[in-house]
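Residue-level structural notes
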Amino acid sequence: MENSKFIWSNATEWWFLRHFSFWFFWTLYFGTLHAFQPFIGASQNPMDYIGYAIPEAALLIAAQALIVYPLLYFVLPRFVFQNKYGKAVFWTIVIFAFASWLNFILVTKVNARLLDAILPESVIRIKRPQPSTKFMAIAGIVKGGLSCVGLAVSLKLIKYWHLKEKRNVALVKEKTAAQIRLLTAQIHPHFLFNTLNNLYSKTQHESPEGSKMILELSDILRYLLGDGQKHAVPLQKELNLVRNYIALEKIRYGNDLDVHLKLPKDTGDLQIAPLLLLPFLENCFKHGASKFLQSPWINFSL
């Protein structure tokens, strides 16, 4: 689990540890390669030059980071992952040109003096010959930069595609679960409406009033489970819900309830958010009519 966090986690501590490890091992690798390059000295054993090559590589790699991080956190997310490849190529060239120029300044004017200042005399007596031309210096810098950038970008792309694939798998699982929930939701109302239809048939002759209540309740439930999930419904359907709800309440209250209902007869093509009017009606009965000890009344005008 810890190894998995080290590779994939975006938490700050893991991010720092991962990047520190990358640059540490890249410095060792790059420094070892530099130890095999020509020095002004007598020894033929590359390990005799490692004390100078590792610090020298560290300075070069610090400059390579000026290429790596803009590519990882600017070019890739802004352009490559957005399929804007033309801009990605343009900014990559700009970043390489700037970093190569800066690296050239460091290699020719800064690094040697800095190494002379920080390394002991036994190490700095080994000198590396300077490039014969500016072109050779820049070519060497670009070569090292390309190796570092290639490795860093490859690791970034592996992580990106792994996390993307992981998200896709999660989405597929979520979609499957949603389909199962939808199927379950379709089965339950089907059973409910079948039961209500059976009750309606049974009470139609034995209790006409109860049969009427079941029919109105069925219409309300059908609207809640069907049209209630939509963003908008015809206003006429919402008004039918209002009528059915009031009809049920009137049966419950009996002749004691006085209801004045004024609704538009022609709604045309008007739409409304579903279930928008129902809370008003519920509050009318809950906080209005139910509080009356005598002669409860409701006046509902739309």
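As a reminder, the structure under discussion sits directly above these lines.
Report on the accompanying structure.

Criteria and cut-off values
- The residue numbering used here restarts from 1 in each chain and proceeds along that chain's sequence as written.
- Predicted model: local features are reported for residues with pLDDT of at least 70 only, side-chain atom pairs are reported and counted for 80 or more only, and whole-chain, interface and lining totals are derived from all residues.
- As a rule here, side-chain values cover all heavy atoms of the structure and leave hydrogens and water aside.
- Starting at the N terminus, helices and strands are each numbered in turn, a helix being any DSSP run of H or I of at least four residues and a strand any DSSP run of E of at least two.
- Any residue under 20% of the maximum accessible area for its type is buried, any over 50% is exposed, and the rest in between are partly exposed; the area is computed with a 1.4 Å probe on protein chains only.
- Every residue pair with non-hydrogen atoms within 4.5 Å of one another is taken to be in contact.
- Reported accessibility uses the Shrake-Rupley method at a 1.4 Å probe radius. Residues are deemed covered only where the shown protein chains occlude them.
- Like-charged residues within 9 Å of one another, or nonpolar side chains (Val, Leu, Ile, Met, Phe, Trp, Tyr) within 5 Å, are grouped into patches, provided each residue has over 30% relative accessible area and no salt bridge.
- We define a salt bridge as a contact between a side-chain nitrogen of Lys or Arg and a carboxyl oxygen of Asp or Glu at a distance within 4 Å.
- Orientation is described by axes fitted as lines to C-alpha atoms, over the contacting stretch for helices, and by angles from 0 to 180 degrees between their N-to-C directions.
- A clockwise turn of the near helix away from the far one marks a right-handed crossing, whereas an anticlockwise turn of less than a right angle marks a left-handed crossing.
- Gly counts as polar in this scheme, as do all residues outside two lists: the nonpolar Ala, Val, Leu, Ile, Met, Phe, Trp, Tyr, Cys and Pro, and the charged Asp, Glu, Lys and Arg.
- In this scheme, roughly parallel covers angles under 35 degrees and roughly antiparallel covers those over 145, while 65 to 115 is roughly perpendicular and the rest are oblique.
- A helix is expected to span 1.5 Å multiplied by its residue count minus one.
- Among buried residues, those of type Ala, Val, Leu, Ile, Met, Phe, Trp, Tyr and Cys that are joined through side-chain atoms within 4.5 Å constitute a nonpolar core.
- Here, any two strands with at least 2 DSSP bridges between them count as paired.
- By the criterion applied in these results, polar contacts are pairs of N or O atoms within 3.5 Å in which, for protein atoms, one can donate a hydrogen and the other can accept it, and in which residues neighboring in sequence qualify only through two side-chain atoms.
- Two aromatic rings, drawn from Phe, Tyr or Trp (for Trp, its six-membered ring), form a pair once their centres lie within 6.5 Å of each other, and the interplanar angle then sorts them: stacked below 30 degrees, edge-to-face above 60, tilted otherwise.

**Topic: the overall build of the protein chain**
A count of helical and extended segments in the protein chain gives nine helices and four strands. Listing every helix and strand of the protein chain by position from the N terminus yields α-α-α-α-α-α-α-β-α-β-β-α-β. Going through the 302 residues of the protein chain one by one, you find that 32% of them count as buried. Expressed as a percentage of contacts within the protein chain between residues at least 6 apart in sequence, the contacts between residues at least 24 apart total 71%. Entry remark: accessible area of the protein chain is about 19,900 Å², with carbon and sulfur atoms responsible for 64%.

**Details of a nonpolar patch on the surface**
Taken together, the side chains of Phe20, Phe24, Phe25 and Leu28 make up a nonpolar region of the molecular surface, amounting to roughly 440 Å² of accessible area. Secondary-structure assignment places Phe20 in helix H2 (residues 12-35).

**Description of the packing of helix H7 (residues 208-225) against helix H8 (residues 235-253)**
Packed helix pairs are characterised by how far apart their axes lie and by the angle those axes make with each other. It is the contact of H7 with H8, at a shortest axis distance of 9 Å, that shows an interaxial angle of 145 degrees. As H7 packs across H8, the resulting crossing turns out to be left-handed. Contact residues: Glu209, Met213, Glu216, Leu217, Asp219, Ile220 and Tyr223 in H7; Lys237, Glu238, Leu241, Asn244, Tyr245, Ala247, Leu248 and Ile251 in H8. In terms of residue class, the contact of H7 with H8 is made up of nine nonpolar, one polar and five charged.

**Re the packing of H2 against helix H3 (residues 50-80)**
The geometry of H2 relative to H3 is characterised by a closest axis approach of 8 Å and an angle of 135 degrees between their N-to-C directions. Of the possible angle classes, the one that applies to H2 and H3 is oblique. The handedness of the crossing between H2 and H3 is right-handed. Across the contact of H2 with H3, the residue classes break down as 17 nonpolar, six polar and one charged.

**Concerning H2**
Structural remark: α-helix, 3.6 residues per turn; residues separated by three or four positions point the same way. Helix length check: H2 (24 residues) gives 34 Å between terminal C-alpha atoms against 34 Å at 1.5 Å per residue, within 8%. Residues of H2 that are buried include every one of Trp14, Arg18, His19, Ser21, Phe22, Trp23, Trp26, Thr27, Phe30, Gly31, His34 and Ala35, and no others.

**Structural notes on the nonpolar core**
With 25 residues, the main nonpolar core has Trp23, Ile67, Val68, Leu71 and Val149 as its most contacted residues. When contributions to this core are tallied by element, the ones reaching two or more residues are H2, H3, helix H4 (85-118) and helix H6 (134-206). Of all the elements, H3 adds the most residues to this core, at eleven residues. With 22 residues, the next largest nonpolar core counts Leu235, Leu248, Phe285 and Ala289 among its residues.

**With respect to the pairing of strand S4 (residues 297-301)**
Only one face of S4 is covered, namely the one carrying Ile298 and Phe300; the face carrying Trp297, Asn299 and Ser301 has none of its residues buried. Bridging between strand S2 (residues 258-262) and S4 involves five bridges; their strand directions are parallel. Paired with Lys262 across the bridge in S4 is Ser301.

**Observations concerning the side chain of Ser21**
Checked against the element boundaries, Ser21 lands in helix H2. A residue is classified by how much of its surface remains accessible, and Ser21, at 17% relative accessible area, is buried. Within the structure, the side chain of Ser21 is placed 2.8 Å from the backbone oxygen of Leu17, a separation counted as a polar contact.

**Quick notes on the environment of Val68**
With respect to the helices, strands and loops of the structure, Val68 is situated in helix H3. Judged by relative accessible area, which is 3%, Val68 ranks as buried. When near neighbours in sequence (up to four residues on either side) are disregarded, Val68 contacts Trp23, Cys148, Val149 and Ala152.

**Overview of unusual backbone geometry**
Here the phi dihedral of Asn83 falls at roughly 65 degrees; this positive angle occurs in a residue that is not glycine. Mapped onto the fold, Asn83 is located in the loop between H3 and H4. Owing to a relative accessible area of 55%, Asn83 belongs among the exposed residues under this scheme. Here the phi dihedral of Leu275 falls at roughly 65 degrees; this positive angle occurs in a residue that is not glycine.

**Some remarks on the packing of aromatic side chains**
Taken as a whole and assessed by the stated rule, the structure comprises 16 aromatic pairs. Measuring from centroid to centroid gives 6.1 Å for Trp23 and Tyr69, while their planes differ by 40 degrees, and the two rings are tilted. Placement of the pair is Trp23 in helix H2 and Tyr69 in helix H3, with a sequence separation of 46 residues. The buried category is assigned to Trp23, whose relative accessible area is 15%. A relative accessible area of 23% means that Tyr69 is categorised as partly exposed. With centroids separated by 3.7 Å and ring planes inclined at 5 degrees, the aromatic side chains of Phe81 and Tyr160 adopt a geometry described as stacked. Linking Phe81 in the loop between H3 and H4 with Tyr160 in helix H6, this pair joins segments that are 79 residues apart in sequence. Put simply, the rings of Trp15, Phe16, Phe22, Trp23, Tyr69 and Tyr73 touch in pairs and so form one group of aromatic residues.

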